[in-house]
Amino acid sequence: MGLLTAASAGLFAGSYTYAMANPTPRHVPVAIVDRADPAFVDALGDGLGTSLERHHYRTRPQAVDAVQDQRVFGIVSERGGVVELDTVGAAGSEVAALLARTGREAAAESGTRLRVRDIRPLHRGDPRGLALFYVTIAAVIVGFLGAVQLAINARELRPLERVACTAGYAVLGGFAIVGVVSWLTGAAGLPFVQSWVILSLTMFASGMIYTMFNALVGRWALLPTWVLMVMLGNPSSGGAVSWPLLPALLGAIGRWLPPGAAVNALHNAVYFPGHQHAQPYAVLLAWTLLATTIFAVRRDRHPGGRPGR
């Protein structure tokens, strides 16, 4: 047990430092409007190296639409002899800062007049863009800790009652999180109903994942839940470090895990309300359905339950 605890501590620390300690651009998609100065674009590419992904658009409105869909993280255009570099703080503060810094260096190198602006800034109460990450962590961790408490302190619950209790505290917990963040701290302008649904679904999925593992491996259920949701899911979620700056593997898998899906759904709801995506909701629903189905099949192995049924 001591060795397992020590190994878990090392892996926990390693997963977060690997993902977050030294964010490095792997791929930074940027919209290039046709009239943009080629010398500046080349200098920007030299500054970013192989991480720059150039997406060419004929008009600026097309590029703005790509920003709204989060296909690109910046726009390079030109107007009146001045190159305009539009960053998107809401899509990732680190990426926006990287583009702005590299853009100014590229302008100095190419002798280009440059104007930098953030066309979708972060909420004023969340200048580093971490509020949604912390909100998601709360939903994920409390979601499965609630299921842990049910397994310990309400062992007599039958399977359907256990699922109902998990759904109940998830709905109440989602309401509480949105209320505190929106009304008390003002850290993020969460759209109430949509955020409530997202966070409640996240808590329920997290709780059912623990319940699934409890039916599969019994008292060891917290270990795989912690590995999946906290050690792997949270660092790869894109909440603390944007996906373009994450290690390639984490950036690829993060959005398919519940924490990443929750961050993605909240991010779209807060900053890109007119350009919603079904993928994060589908991921949360898929994990919920998978966990609930496995629990239903293996419910006879779940500890507890009243005799007679």
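First things first, this report covers the structure right here in the doc. The written sequence of each chain sets the order in which its residues are numbered from 1. Predicted model: local features are reported for residues with pLDDT of at least 70 only, side-chain atom pairs are reported and counted for 80 or more only, and whole-chain, interface and lining totals are derived from all residues. Hydrogens and water are ignored here; the side-chain numbers use all heavy atoms of the structure.

**Remarks on the overall build of the protein**
Part 1 of the argument: Looking only at helices and strands, the protein features eleven helices and five strands.
Part 2 of the argument: By residue count, 50% of the 309 residues in the protein fall in the buried class.
Part 3 of the argument: Under the convention used here, a 1.4 Å probe and the Shrake-Rupley method define accessible areas, while residue burial counts only the protein chains that appear. Entry remark: accessible area of the protein is about 14,300 Å², with carbon and sulfur atoms responsible for 64%. Strands here are runs of E lasting at least two residues and helices are runs of H or I lasting at least four, both read from the DSSP assignment and numbered beginning at the N terminus. Throughout this description, buried means an accessible area under 20% of the type-specific maximum (1.4 Å probe, protein chains only), exposed means over 50%, and partly exposed covers the range between.

**A word on the pairing of strand β4 (residues 82–87)**
Part 1 of the argument: In terms of residue burial, β4 counts as a mostly covered element, since six of its six residues are buried.
Part 2 of the argument: The two faces of β4 match: V82, E84 and D86 on one face and V83, L85 and T87 on the other face are all buried.
Part 3 of the argument: One ladder, built from six bridges, connects strand β3 (residues 74–79) with β4; its direction is antiparallel. Paired with R79 across the strands is V82, a residue of β4.
Part 4 of the argument: Should DSSP find at least two bridges between two strands, the strands are regarded as paired. Here β3 hands over to β4 after two residues, with G80 in that stretch at a positive phi of 60°.

**Some points on the nonpolar core**
Part 1 of the argument: Buried residues of nine kinds, namely Ala, Val, Leu, Ile, Met, Phe, Trp, Tyr and Cys, make up a nonpolar core once their side-chain atoms join them within 4.5 Å. Grouped together as the largest cluster of nonpolar side chains are 84 residues, with contacts concentrated most on V76, L190 and I209.
Part 2 of the argument: The biggest single contributor to this core is helix α7 (residues 192–217), with eleven residues.
Part 3 of the argument: Aside from chain neighbours lying at most four places away, what touches L190 is L132, V178, V181, S182, S195, L266 and V270. In this analysis, two residues are considered to be in contact whenever any of their non-hydrogen atoms come within 4.5 Å of each other.

**A look at the packing of aromatic side chains**
Part 1 of the argument: We call Phe, Tyr and Trp rings a pair once their centres come within 6.5 Å, taking the six-membered ring for Trp, and we label the pair stacked below 30 degrees between planes, edge-to-face above 60, and tilted otherwise. If you walk through the whole model with that rule in mind, you get seven aromatic pairs.
Part 2 of the argument: Between the aromatic rings of W183 and F192, the centroid separation amounts to 5.3 Å while the plane-to-plane angle is 5°, which identifies the pairing as stacked.
Part 3 of the argument: For W183, a relative accessible area of 57% gives the class exposed.
Part 4 of the argument: Residue F192 is classed as partly exposed on the basis of its relative accessible area, which comes to 25%.

**Some thoughts on helix α6 (residues 159–185)**
Part 1 of the argument: Helices are assigned an expected span. That span is 1.5 Å times one less than the residue count. Taking 1.5 Å per residue as the helical rise, α6 with its 27 residues ought to reach 39 Å, and the 37 Å between its terminal C-alpha atoms agrees with that figure.
Part 2 of the argument: Within α6, burial applies to R162, V163, T166, Y169, A170, G173, G174, I177, V178, G179 and V181.

**As for the sheet that holds strand β2 (residues 52–57)**
Part 1 of the argument: With respect to topology, five strands assemble into an open sheet ordered β2-β1-β3-β4-β5, the strand pairing being mixed. The sheet terminates laterally at β2 and β5 (114–118), the two strands that pair on one side only. Averaged over neighbouring strand pairs, the angle between their axes works out to 25° when direction is ignored.
Part 2 of the argument: The pairing of strand β1 (residues 28–33) with β2 spans six bridges and is parallel. Counterpart to P29 in the pairing with β2 is E53.
Part 3 of the argument: For every element, the axis is a line fit to its C-alpha atoms; helices are fit only across the contacting stretch, and the angle between N-to-C directions ranges from 0 to 180 degrees. Along the sheet, helix α3 (residues 60–68) contacts β1, β2, β3, β4 and β5; its crossing angle with β3, the most-contacted strand, is approximately 165°.

**Quick notes on unusual backbone geometry**
Part 1 of the argument: At Q70, a residue that is not glycine, the phi angle is positive and equals roughly 60°.
Part 2 of the argument: Looking at the secondary structure, you find Q70 in the loop between α3 and β3.

**Thoughts on the packing of helix α5 (residues 131–153) against helix α10 (residues 258–271)**
Part 1 of the argument: One can describe the packing of α5 onto α10 by two numbers: an axis separation of 9 Å at closest approach and a directional angle of 135°. The angle between α5 and α10 falls in the class oblique. Crossing angle aside, the handedness with which α5 passes α10 is right-handed. Between α5 and α10, the contacting residues are L132, V135, T136 and V140 on the first element and P259, A262, V263, L266, H267, V270 and Y271 on the second. The cut-offs work like this: below 35 degrees is roughly parallel, past 145 is roughly antiparallel, 65 to 115 is roughly perpendicular, and the gaps in between are oblique. Crossings are sorted by hand: turned counterclockwise from the far helix by less than a right angle, the near helix makes the crossing left-handed, and turned clockwise it makes it right-handed.

**Structural notes on the pattern of salt bridges**
Pairing is possible between side chains of opposite charge, provided their charged atoms come close.
Part 1 of the argument: Salt bridges are defined as contacts in which a side-chain nitrogen from Lys or Arg sits within 4 Å of a carboxyl oxygen from Asp or Glu. All told, the structure shown has seven salt bridges when counted by the stated rule.
Part 2 of the argument: Notably, a salt bridge pairs R117 with E84, separated by 3.3 Å at the nearest N-O pair. In this pair, R117 sits in strand β5 while E84 sits in strand β4, placing the two residues 33 residues apart along the sequence.
Part 3 of the argument: According to the relative accessible area criterion, E84 is buried, its value standing at 1%.
Part 4 of the argument: Across the salt bridge formed by D86 and R117, the nearest N and O atoms sit 2.6 Å from each other. One end of the pair, D86, is in strand β4; the other, R117, is in strand β5, and 31 residues separate them in sequence.
Part 5 of the argument: For D86, a relative accessible area of 0% gives the class buried.

**Focus: the side chain of D126**
Part 1 of the argument: Examined against the element boundaries, D126 turns out to sit in the loop between β5 and α5.
Part 2 of the argument: We call two N or O atoms a polar contact when they sit within 3.5 Å, provided that within protein one can donate a hydrogen and the other can accept it, with sequence-adjacent residues counted only if both atoms are side-chain atoms. Within the structure, D126 has its side chain in polar contact with the backbone nitrogen of A131 (distance 3.1 Å).
Part 3 of the argument: With near-sequence residues (within four places) excluded, D126 lies in contact with A131, L132, A187 and Y271.

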